[in-house]
Amino acid sequence: MIFRTNEFAFTFLTIIFMSNNINSLATNKNMASQTKEHILNLALKNLSSHGMEKKELTHHKELRRASILVPLFERPLQQSSPHESNLHVLFTQRPQKMKSHGGEVCFPGGKQDAEDGGCDVRTALREAHEEIGLDPNHVLQIARMETVESRFSLCVTPIVGLIQPPLAAEPSQLTLNEHEVEAAFAVPLEYFTSPENLTSLEVIQYGANREFIMRTYLYDDPESGRQFRIWGLTAHVVHQVAELAFSRR
């Protein structure tokens, strides 16, 4: 009888323990979800506060123009991910056979055409639709970054866009223009805030009293199993966007 009483007590305590663990796990999962949502909202608020007005030098008006779209979208993080935010950024890779920047990682974008009417945003949206089939109606424009002047005197304006619904930005859902895009992949935006992920950093002097910080990242994509080299203007822009997004946590 005593044995049965102890057995009952043990079973009862086990049930309570398991119940508490389940409740604790549910609470922790809920708290984690709320934390990620808070970080996401703050990141988007930081980017939106940067505004959509032009940010360029006076002489940029006289130079050739181009625009790129920096597509951001929400995506579930892998359990092993060290990142707190589920905000991802979409990249493309040019075909190796291209004469200009063949094989390089970049954002959807290109030179401004007459049909764009001088609008940088229209250029970015048009090019993204042509290169990866992204519907402009799925892009919420949230920020215009500083116009960057390349060493070839080409003004490049980055437009940051939040893709809604997020599925529209998933690499597997895109329609890639095989003449302009070989691959598409996504990286957690927070990845670019950590100096540990930098492969190299070099300050390059060019022109009269001008310098450019050349960053290089080697990203191992868990989906394709490939390693992508993100560097140059693309690395410069995504680093700026990431720093701005996560600057006030």
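Just so it is clear, the structure is predicted and the values come from calculations on it, not from any experiment.

Trainee: When you look at the overall build of the chain in this model, what are you seeing that I'm missing?
Mentor: Within the chain, the secondary structure is distributed over 3 helices and 11 strands. Going residue by residue from the N terminus, the α and β elements of the chain occur as α-β-β-β-β-α-β-β-β-β-β-β-β-α. Within the chain, counting contacts between residues at least 6 apart in sequence, those at least 24 apart form 62% of the total. If you sum the accessible surface of the chain, you get close to 14200 Å²; carbon and sulfur atoms cover 54% of it.

Trainee: What exactly am I supposed to notice about helix 3 (residues 232–245) here?
Mentor: Helical geometry note: an α-helix holds 3.6 residues per turn, so side chains three or four residues apart project in the same direction. For helix 3, built from 14 residues, the straight-helix expectation of 20 Å at 1.5 Å per residue is met to within 8% by its first-to-last C-alpha distance of 20 Å. Of all 14 residues making up helix 3, 11 are buried, and the element is well covered by its neighbours. Along helix 3, the residues classified as buried are Gly232, Thr234, Ala235, His236, Val237, Val238, His239, Val241, Ala242, Leu244 and Ala245.

Trainee: I tried to follow the nonpolar core on my own but got confused; where do I start?
Mentor: Generally speaking, nonpolar side chains in soluble globular proteins are found buried as a group. Leu72, Val89, Phe91, Val160, Leu189, Phe192 and Ile230 are the most contacted members of the largest nonpolar core, which totals 38 residues. For this core, the leading source of residues is helix 3, giving 7 residues. Sequence-distant contacts of Leu189, defined by excluding residues within four places in its chain, comprise Leu72, Leu87, His88, Val89, Val238, Val241, Ala242, Ala245 and Phe246. Grouped together as the second largest cluster of nonpolar side chains are 18 residues, Val121, Ala124, Ala128 and Leu134 included.

Trainee: It is not clear to me how the environment of Thr193 should be interpreted in this structure. Could you clarify?
Mentor: Tracing the sequence through the fold places Thr193 in the loop between strand 8 (183–188) and strand 9 (198–206). For Thr193, a relative accessible area of 23% corresponds to the partly exposed category. Spatially, the C-alpha atoms of Thr193 and Val238 are 9.4 Å apart, while their sequence positions differ by 45 residues. Dropping the residues within four chain positions of it, Thr193 is found in contact with Ala242, Glu243 and Phe246. At 2.6 Å, the side chain of Thr193 and the backbone oxygen of Glu190 are in polar contact.

Trainee: Help me understand the sheet that holds strand 10 (residues 210–220), please; the structure alone is not making it clear to me.
Mentor: Hydrogen bonds along the backbone pair up the strands of a sheet, which may run parallel or antiparallel. Taken together, 3 strands build an open sheet; the order of strands is 9-10-11 and the sheet is antiparallel. Unpaired on one side and paired on the other, strand 9 and strand 11 (227–231) mark the two borders of the sheet. Between one strand and the next, the sheet's axes are offset by a mean angle of 15°, whatever the strand orientation. The pairing of strand 10 with strand 11 spans 5 bridges and is classified as antiparallel. Residue pairing across strands places Tyr219 opposite Phe228, the latter belonging to strand 11. Sheet contacts for helix 3: strand 10 and strand 11; angle to strand 10, the most-contacted strand, approximately 90°.

Trainee: For this particular structure, what's the right way to read the side chain of His50?
Mentor: Considering the arrangement of structural elements, one finds His50 in the loop between helix 1 (2–48) and strand 1 (64–74). Sequence-distant contacts of His50, that is, excluding residues within four places in its chain, are made with Lys55, Ala143, Arg144, Met145, Glu146 and Leu244.

Trainee: Please clarify how the confidence of the model for the chain should be interpreted in this entry.
Mentor: Low pLDDT marks regions whose predicted coordinates should not be analysed in detail. Averaged over every residue, the pLDDT of the chain is 86; residues scoring 70 or more account for 83%. Counting contacts from residues 1–5, a segment whose pLDDT is below 50, to residues more than four positions away or on other chains yields 0 contacts. Counting interchain partners and residues more than four positions distant, the pLDDT-below-50 stretch residues 24–29 has 0 contacts.

Cut-off values and rules
Residues numbered from 1 in each chain as written. Predicted model: local features only at pLDDT ≥ 70, side-chain atom pairs only at ≥ 80, totals over all residues. Heavy atoms only, no water. Helix = DSSP H or I, 4+ residues; strand = E, 2+ residues; numbered from the N terminus. Contact = heavy atoms within 4.5 Å. Areas by Shrake-Rupley, 256 points an atom, 1.4 Å probe, with all protein chains shown as cover. Expected span 1.5 Å × (residues − 1). Buried < 20%, exposed > 50% of the residue type's maximum accessible area, 1.4 Å probe, protein only. Core = buried A, V, L, I, M, F, W, Y, C linked by side-chain atoms within 4.5 Å. Polar contact = N/O pair within 3.5 Å; in protein donor to acceptor, adjacent residues only side chain to side chain. Pairing = 2+ DSSP bridges. Axes fitted to C-alpha atoms, helices over the stretch in contact; angles between N-to-C directions. pLDDT = per-residue confidence, 0-100.

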